[in-house]
Amino acid sequence: MARADFADFPDHMGYLKADTDRVEAMRLAYRDGQDLPLVGITWSSPYGFSGEEKSMPIDLWGPVLSDLPARFVSIQYGEVTEDVNEARERFGIDILVDAELDVFEDVDGHAAQISAMDHVIAISNMAAPLAGALGKPVDMVLPVEIAVFWRWFHEREDSPWFPSMRIHRRAVDESRGELMQRVADCAARRLALLD
């Protein structure tokens, strides 16, 4: 079907559906008896095109990790031990890592993990579009250096493919720290709507 206009894209709650049993098992395990929302985070794109420019080092995640009342779950692929330890030392926050899941090799498992989240905050790596395709609320962080990738269009805060996604671009006169504060504020508002 040809689409002549952004309004021609369908409004939907996701294209994909994860395995319900895996989602429920992960959600139960991750919550671990706590009554906090689960927020999946991903901060690095260590492979591929513009990986370093897309990445948002964990030391800049203070506004998110310190201000949001949530249980944070790493949905990051690759080795994360050093970053998780840094978050604990800098911000006093534990980021849960599912040692039984290789999110890069088990995409079905990654989909279930993302579906178990109440909210996702991600850079532009595989987690962001997967969360959008699953219909999960996702705040995607785009540094200005890659903000012109065609698939995210220009100066849009939404995605025609993923209605549940909000795109946060760093303004030319804005620091990455200020960008992350904006992301934290937006995520807090979106999480409040879940109550």
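A brief look at the structure comes next.

**A closer look at the overall build of the protein chain**
Line of reasoning, step 1. In terms of helices and strands, the protein chain carries seven helices and six strands.
Line of reasoning, step 2. Reading the helices (α) and strands (β) of the protein chain from amino to carboxyl end gives α-β-α-α-β-α-β-α-β-α-β-β-α.
Line of reasoning, step 3. Out of the 195 residues in the protein chain, the part that is buried amounts to 50%.
Line of reasoning, step 4. In the protein chain, of all internal contacts separated by at least 6 residues, the share reaching a separation of at least 24 is 67%.
Line of reasoning, step 5. Looking at the protein chain as shown, the accessible area adds up to about 10,100 Å², and 52% of this sits on carbon and sulfur atoms.

**Here's the deal with the nonpolar core**
Line of reasoning, step 1. Residues Ile114, Met117, Val120 and Met165 are the most contacted members of the largest nonpolar core, which totals 29 residues.
Line of reasoning, step 2. Per-element accounting of this core gives the leading share, five residues, to helix α6 (residues 127-133).

**Side note on the pattern of salt bridges**
Opposite charge on two side chains permits them to pair, given that their charged atoms come into close proximity.
Line of reasoning, step 1. Following the criterion strictly, the structure yields seven salt bridges and no others.
Line of reasoning, step 2. As a salt-bridge pair, aspartate 94 and arginine 88 come within 2.5 Å of each other at their nearest N and O atoms.
Line of reasoning, step 3. By relative accessible area, aspartate 94 is classed as exposed at 52%.

**A short note on the side chain of aspartate 139**
Line of reasoning, step 1. Relative to the helices and strands, aspartate 139 resides in strand β5 (residues 138-142).
Line of reasoning, step 2. Only 2.7 Å separates the side chain of aspartate 139 from the side chain of histidine 119, close enough to count as a polar contact.

**Topic: the packing of aromatic side chains**
Line of reasoning, step 1. Applying the stated rule across the entire model yields one aromatic pair.
Line of reasoning, step 2. Arranged with centres 4.9 Å apart and planes meeting at 40°, the rings of tyrosine 77 and phenylalanine 104 form a pair that is tilted. Placement of the pair is tyrosine 77 in the loop between β2 (71-74) and α4 (81-91) and phenylalanine 104 in the loop between β3 (95-96) and α5 (107-115), with a sequence separation of 27 residues.
Line of reasoning, step 3. Assessed through its relative accessible area of 7%, tyrosine 77 is described here as buried.

**Considerations on the sheet that holds β5**
Line of reasoning, step 1. The six strands lie next to each other as β3-β2-β1-β4-β5-β6, forming an open sheet whose pairing is parallel. Each end of this open sheet is capped by a strand with a single partner; those strands are β3 and β6 (165-169).
Line of reasoning, step 2. Here β5 pairs with β6 via five bridges, running parallel. Bridge assignment links aspartate 139 to a residue of β6, and that residue is arginine 166.
Line of reasoning, step 3. Helix α7 (residues 176-192) rests against β1 (38-42), β4 (119-123), β5 and β6 of the sheet, and its axis sits at about 170° to β5.

**Looking at helix α1 (residues 20-31)**
Helical geometry: 3.6 residues make up each α-helical turn, so side chains three or four residues apart lie on a common side.
Line of reasoning, step 1. Its twelve residues place the ends of α1 16 Å apart at the C-alpha level, agreeing with the 16 Å of an ideal helix rising 1.5 Å per residue.
Line of reasoning, step 2. For α1, the set of buried residues is Val23, Met26 and Tyr30. Projection of α1 onto a plane perpendicular to its axis shows the buried side chains occupying an angular sector of 70°, all on one side. Every exposed residue of α1 that faces more than 90 degrees away from the buried side is listed here: Asp21, Glu24, Leu28 and Ala29.
Line of reasoning, step 3. If you follow the buried residues of α1, they end up packed against β1, β2, β3 and α5.
Line of reasoning, step 4. Between the side-chain oxygen at the start of α1 and the backbone nitrogen of aspartate 21 there is a gap of 3.0 Å, and the oxygen is on aspartate 19.

Reading the values: rules and limits
Residues numbered from 1 in each chain as written. Predicted model: local features only at pLDDT ≥ 70, side-chain atom pairs only at ≥ 80, totals over all residues. Heavy atoms only, no water. Helix = DSSP H or I, 4+ residues; strand = E, 2+ residues; numbered from the N terminus. Buried < 20%, exposed > 50% of the residue type's maximum accessible area, 1.4 Å probe, protein only. Contact = heavy atoms within 4.5 Å. Areas by Shrake-Rupley, 256 points an atom, 1.4 Å probe, with all protein chains shown as cover. Core = buried A, V, L, I, M, F, W, Y, C linked by side-chain atoms within 4.5 Å. Salt bridge = Lys/Arg side-chain N within 4 Å of Asp/Glu carboxyl O. Polar contact = N/O pair within 3.5 Å; in protein donor to acceptor, adjacent residues only side chain to side chain. Phe/Tyr/Trp six-rings, centres within 6.5 Å; stacked < 30°, edge-to-face > 60°. Pairing = 2+ DSSP bridges. Axes fitted to C-alpha atoms, helices over the stretch in contact; angles between N-to-C directions. Expected span 1.5 Å × (residues − 1). Arc of directions from axis to C-beta.

Geometric descriptors of this kind do not, in isolation, establish any biological role.
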